[in-house]
Amino acid sequence: GGGGEPLEEKLALRPTSETIIGHMYSQWIQSYRDLPVLINQWANVFRWEKRTMPFLRTSEFLWQEGHTAHATEEEARQETMQMLEIYREVVEQELAIPVWKGQKTPSERFAGAVDTYSIEAMMKDGKAVQAGTSHYLGDKFARGFEIKFLDRDNQFKYVHTTSWGTSTRLIGSMIMVHGDDRGLVLPPRMAPTQVIMIPVGPMKLREKVMEAFDPLFDEIKAAGVRVRADLREETPGWKFNEWEMRGVPLRLELGPRDVENGQVILARRDTGEKVTVSLEGIAQTVVQLLEEIQQNMFQKALAFRDENSHLGIDTLEQLTAHIAKSESENKTSGWVLAGWCGDDACESKIKEETKFTSRNIPFEPPVQKKACICCGKESQHSVWFGRAY
Ligand SMILES: [Zn+2]
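Scope of this entry: the structure provided in the associated data block.

Moving on: the pattern of salt bridges. Applying the stated rule across the entire model yields 30 salt bridges. A salt bridge links Arg-189 to Glu-291, with the nearest nitrogen and oxygen atoms 2.8 Å apart. Separated by 102 residues along the polypeptide, Arg-189 in the loop between helix H4 (169-178) and strand S9 (195-199) and Glu-291 in helix H8 (residues 282-307) bring together distant segments of the chain. Owing to a relative accessible area of 35%, Glu-291 belongs among the partly exposed residues under this scheme. Each of Arg-182, Glu-244, Arg-251, Glu-253 and Lys-274 takes part in salt bridges that share partners, so that together they form one network.

In structure tokens, the structure reads:
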């Protein structure tokens, strides 16, 4: 059953991967020569969800999970940080979503982890998505599964393990961070189609246009751009709308007058801006523009996040007032960087009173807070708090 109710269909579920991987590691790992070990898999996961939401909270989703075992704590901790950094790089550089790298508070830590780290992203409604996590598991996991190895000094020791993962939630995040009222806005590096080419102008001149259109398509494709031509019979306006909705970063229009003048029209999805550019060197122009769009989308998301990250809220009263004001103005309340004394009780009181949960303790906070937002005692950490998916 799920949530206490019988399921409509019977499901056969596998146990969590740790149990299988832990068992195998205990068989495979005998000596320091067997280390390190890394297993990575993409797997589908089921979770009971009372209320689902496309991409962000689904009963079944695809995730990536990695599990490593090491001879030393130092090496395992390096792995934990390396994976967190790889997630940051992918999310910021490919998905154009800025994130905060940091450590989870003990209450938000993965069960069984010594330390949990995350990257946290802000959606357009100000809510947070945990976009990836990386855990240092110490030797807890090794003790649970008896994963021991004979070290160089002839001593049997427990391995140090890590695990890390991300999921198709990233797709949901990308949609929510960049999308607008017209539909998807995909960052060029993620877009399956980066450029959509559409011939325009009267049908009787189409043949003439196509004489220039076809080599142009080949030229852009040869530059490594994922280009597609829409030659359907619908009107250009209809096609424009459809490809805008599908988030294609760049639209190229070519009409009879453009052919005459040796030019094309390029329309950007991210800004709506239209420019007329020369046919000469068009492939290079397109490549540069796609890169510019990629950077612009990241900067736009960064500016939004920073606008909605509040650094000067110092007490729970101020936070409550800030939330009430934001709600009355129909604005997002965003996140707050709060001082925290380190006491679980303060963290849960913040959650109870504001529904803001701790996101992470950023490695590089924009400011260091002096006092706990809840009790006023000396702050141990500056922590991002916000509402989360
Ligand atoms: Zn406190």
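Glancing now at the side chain of His-178. The topology assignment puts His-178 in helix H4. At 3.3 Å, the side chain of His-178 forms a polar contact with the backbone oxygen of Ala-96. Other than its neighbours up to four places away in sequence, His-178 contacts Leu-95, Ala-96, Ile-97, Lys-124, Val-185, Pro-187, Met-297 and Ala-301.

When a strand is regular, its side chains alternate between the sheet's two faces. When you tally the buried positions in strand S5 (residues 128-138), you get ten out of eleven residues, the bulk of the element. Note that strand S4 (residues 115-122) and S5 share eight bridges and pair antiparallel. Bridge pairing links Met-122 to Ala-128 in S5. Hairpin connection from S4 to S5: five residues lie between these consecutive antiparallel strands, with Gly-126 at a positive phi of about 85 degrees. Alignment of S5 against strand S8 (residues 160-167), held across five bridges, turns out to be antiparallel. Residue Ser-134 lies in a different strand from S8, and its bridge partner there is Trp-164.

A separate point is the coordination of the zinc ion. At 2.3 to 2.4 Å from the zinc ion lie its protein donor atoms, namely Cys-341 (SG), Cys-346 (SG), Cys-372 (SG) and Cys-375 (SG). Around the zinc ion, the four donor atoms sit at angles spanning 104 to 113 degrees, and that spread fits a shape best called tetrahedral. Mapped onto the polypeptide sequence, the residues donating to the zinc ion form the spacing pattern C-x4-C-x25-C-x2-C. Remark: Cys-375 occurs in the loop between strand S17 (361-362) and strand S18 (381-386) and Cys-346 occurs in helix H10 (residues 344-354); sequence separation between them is 29 residues.

This part is about a nonpolar patch on the surface. Where nonpolar side chains cluster on the molecular surface, the patch consists of Leu-7, Leu-11, Leu-13, Phe-46 and Trp-48 and spans about 510 Å² of accessible area. Inspection of the secondary structure assignment puts Phe-46 in strand S1 (residues 37-46).

Of all six residues in S18, five are buried, a share of seventy percent or more. Two elements, strand S15 (residues 335-340) and S18, share five bridges in a ladder whose sense is antiparallel. Within the sheet, the bridge partner assigned to Gly-339 lies in S18 and is Ser-382. Here two bridges tie strand S16 (residues 357-358) to S18, and the two strands are oriented antiparallel to one another. When the sheet's bridge partners are listed, Ser-358 is paired in S18 with Phe-385.

Turning to the sheet that holds strand S11 (residues 250-254), a few remarks are in order. With mixed pairing, the five strands of this open sheet are ordered in space as S10-S9-S11-S12-S13. Each having just a single partner strand, strand S10 (227-229) and strand S13 (274-278) make up the two edges of the open sheet. Adjacent strand axes in the sheet meet at a mean angle of 25 degrees when their direction is disregarded. Across five bridges, S9 lies against S11 in parallel orientation. Within S11, the position partnered with Ile-196 by the bridge is Arg-251.

The next subject is the sheet that holds S18. On the basis of which strands lie adjacent, the open sheet formed by four strands has the order S14-S15-S18-S16 and mixed pairing. Every interior strand has two partners, whereas the edge strands, strand S14 (309-310) and S16, have only one. Its contacts with the sheet place H10 against S15, S16 and S18, and it is angled at close to 155 degrees to S15.

Now for unusual backbone geometry. With an omega of -5 degrees, the peptide bond running from Leu-35 to Pro-36 counts as cis. Assignment of secondary structure puts Pro-36 in the loop between helix H1 (17-28) and S1. Its identity as a non-glycine residue notwithstanding, Ala-96 has a phi of 60 degrees, on the positive side. Within the element layout of this structure, Ala-96 appears in the loop between helix H2 (73-94) and strand S3 (100-103). Although it is not a glycine, Lys-355 sits at a positive phi angle of roughly 65 degrees.

The rules we used
- Residues numbered from 1 in each chain as written.
- Predicted model: local features only at pLDDT ≥ 70, side-chain atom pairs only at ≥ 80, totals over all residues.
- Heavy atoms only, no water.
- Salt bridge = Lys/Arg side-chain N within 4 Å of Asp/Glu carboxyl O.
- Helix = DSSP H or I, 4+ residues; strand = E, 2+ residues; numbered from the N terminus.
- Buried < 20%, exposed > 50% of the residue type's maximum accessible area, 1.4 Å probe, protein only.
- Polar contact = N/O pair within 3.5 Å; in protein donor to acceptor, adjacent residues only side chain to side chain.
- Contact = heavy atoms within 4.5 Å.
- Pairing = 2+ DSSP bridges.
- Donors = N, O, S within 2.8 Å, 3.2 Å for Na, K, Ca; no water.
- Tetrahedral: all angles 85-135°; square planar, octahedral: opposite > 155°, others 65-115°.
- Patch = residues over 30% accessible without salt bridge, like charges linked within 9 Å, V, L, I, M, F, W, Y side chains within 5 Å.
- Areas by Shrake-Rupley, 256 points an atom, 1.4 Å probe, with all protein chains shown as cover.
- Axes fitted to C-alpha atoms, helices over the stretch in contact; angles between N-to-C directions.

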